[in-house]
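# Structural overview
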Amino acid sequence: MKKKTGEKKQTSKFIKETGTQRKSLDEINGTIEVPEDKGYFRTLLAYTGPGALIAVGYMDPGNWITSIGGGASFKYTLLSVVLLSSLIAMLLQAMSARLGIVTGRDLAQLTRERTSRWAGIGLWIITELAIMATDIAEIIGSGIALELLFGFPLIVGITITAFDVLILLFLMKLGFHKIEAIVATLVAVILFVFAYEVFLSKPDALGVLGGYVPRAEILTNQPMLYLALGIVGATVMPHDLYLGSSISQTRKYDIHDEASVRKTIRFTIADSNIQLTLAFVVNSLLLILGAALFFGTHSDLGRFADLFNALNNSKIVGAIASPMLSMLFAVALLASGQSSTITGTLAGQIIMEGFIHLRMPLWAQRLLTRLMSITPVLIFAVYYHGNEAKIESLLTFSQVFLSIALPFAMIPLIIFTSDKKLMGVFANRPWVKYTSWIVAIILVILNLQLIWTTLA
């Protein structure tokens, strides 16, 4: 029997089964209007925003030491690793957005619904620990930035970050578009600061371009391989996959209309790729800055304070050294920590609601998520009497745990988006399916290598 004229084409069988269940981030789901037939760029502008929240996870404080250290140690060689990591991020985030838009569910909800009770609990614990590990880098980065900018004791700075969740509660009442705009502004601050500092450092343009060409030396040089693994492991964040599958549903669209779904996927992925390109530029700038200013100086750049002090030391960075460069670095660090905090808190809510169906007031839920993350950092800070070097050592352990947690988010994502019964006509094409599996296997192997090397 032929379809009646004007009948909407069903996109996924799963929609019929779950249409009455609670939506992901229910208070903001489908709240943002998008224009109809207003031209490509105006429509893209309406969809712009979620990509910025995703992108900050790929340039959070956990990436900084690794990227700058990679440039300081091996000049521009590891730029090819930054490029490869960014392409992988684009692939995974596109799959994550498509999953949320087509099914009307987020990755946490689907994982919980399609696993046994105990497997679901185990995955929830791993994912919750990954959120805590992500927050550790953001909390430490923000706390140290407050210390560098205002002279607060590190423990005080870390404590202050516990209350920045209240800012998110206030912003949620203003509308999700306001949160997207604020995060995009913070990303712009980070981009401006490092673009300016790289401009002053006058890097070798030909050397930079050559750095994007992969070299076999990366695989044969053990210290270089270790830093390359660190860049990959710190770049692809598991919490961003959960976040992307949820906030891709903030725009209004008809989930039962294939054309509406297809349009939403198209513009959401375009926004994601544009913002992840900016994240790629920021991570490249970090590495280029490390290469241009610190390569060959044999400086100790293992901590944020070392970088802050080095930018004000003419013996290390030459004539461009100034207190302003150091302060701009601290401002960018604070902007990175705060923007990542917002996205980390939202991801924590998505995971709690999706895996354990937690029902409590939003303010209490977000405060609980934040306190779960900040408690281990505070305990560590008090135990070591605010010793910055000891506290920053937590960053290494947090990145190692994120490497462990990544396959538990990435593999279900590939399975779900390749399932034709779940995704209908929007299931992964063969080249996407096989490429993503190859990427997943390689990332798992690289992350296991990173864990082994770090522990050894």
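Residues numbered from 1 in each chain as written. Predicted model: local features only at pLDDT ≥ 70, side-chain atom pairs only at ≥ 80, totals over all residues. Heavy atoms only, no water.

## Considerations on helix H15 (residues 258–294)
Across its 37 residues, H15 extends 53 Å between first and last C-alpha, which sits within 8% of the 54 Å expected from 1.5 Å per residue. The buried fraction of H15 amounts to 27 of the 37 residues, a majority that puts the element mostly inside the structure. For H15, the side-chain oxygen to backbone nitrogen distance between the N-cap and Ala259 is 3.2 Å, and the N-cap itself is Asp257. Count one or two residues on from H15 and you reach Gly296, which has phi positive near 85°. (Helix = DSSP H or I, 4+ residues; strand = E, 2+ residues; numbered from the N terminus. Expected span 1.5 Å × (residues − 1). Buried < 20%, exposed > 50% of the residue type's maximum accessible area, 1.4 Å probe, protein only. Polar contact = N/O pair within 3.5 Å; in protein donor to acceptor, adjacent residues only side chain to side chain.)

## Section: the packing of aromatic side chains
For the coordinates displayed, the defined rule picks out 8 aromatic pairs. Taking 6.4 Å as the distance between ring centres and 85° as the angle between the ring planes, the aromatic pair formed by Phe194 and Phe329 counts as edge-to-face. Within this pair, whereas Phe194 is found in helix H10 (residues 176–201), its partner Phe329 is found in helix H18 (residues 323–356), the two being separated by 135 residues in sequence. Taking relative accessible area as the criterion, Phe194 reaches 0% and is therefore assigned buried. An aromatic cluster is built from Tyr40, Phe41, Tyr47 and Phe267, whose rings are joined through pairwise contacts. (Phe/Tyr/Trp six-rings, centres within 6.5 Å; stacked < 30°, edge-to-face > 60°.)

## Focus: the side chain of Ser436
Here Ser436 shows up in helix H22 (residues 430–455). Given a relative accessible area of 0%, Ser436 falls into the buried group. Of the polar contacts made by the side chain of Ser436, one reaches the backbone oxygen of Lys433; its length is 2.7 Å. Beyond its immediate sequence surroundings of up to four residues, Ser436 is in contact with Leu91, Met95 and Ile414. (Contact = heavy atoms within 4.5 Å.)

## Section: the confidence of the model for the protein chain
Per-residue confidence for the protein chain gives a mean pLDDT of 82, with 87% of residues at or over 70. Note on residues 1–8: pLDDT under 50 across the span, and 3 contacts to partners over four residues away in sequence or across chains. Note that pLDDT drops below 50 for residues 10–20; the model gives that stretch 30 contacts with residues more than four away or on any other chain. (pLDDT = per-residue confidence, 0-100.)

## Focus: helix H8 (residues 154–161)
Along H8, the residues that are buried comprise Leu154, Gly157, Ile158 and Thr161. Around the axis of H8, the buried residues are gathered within 100° of arc, so they sit on the same side. (Arc of directions from axis to C-beta.)

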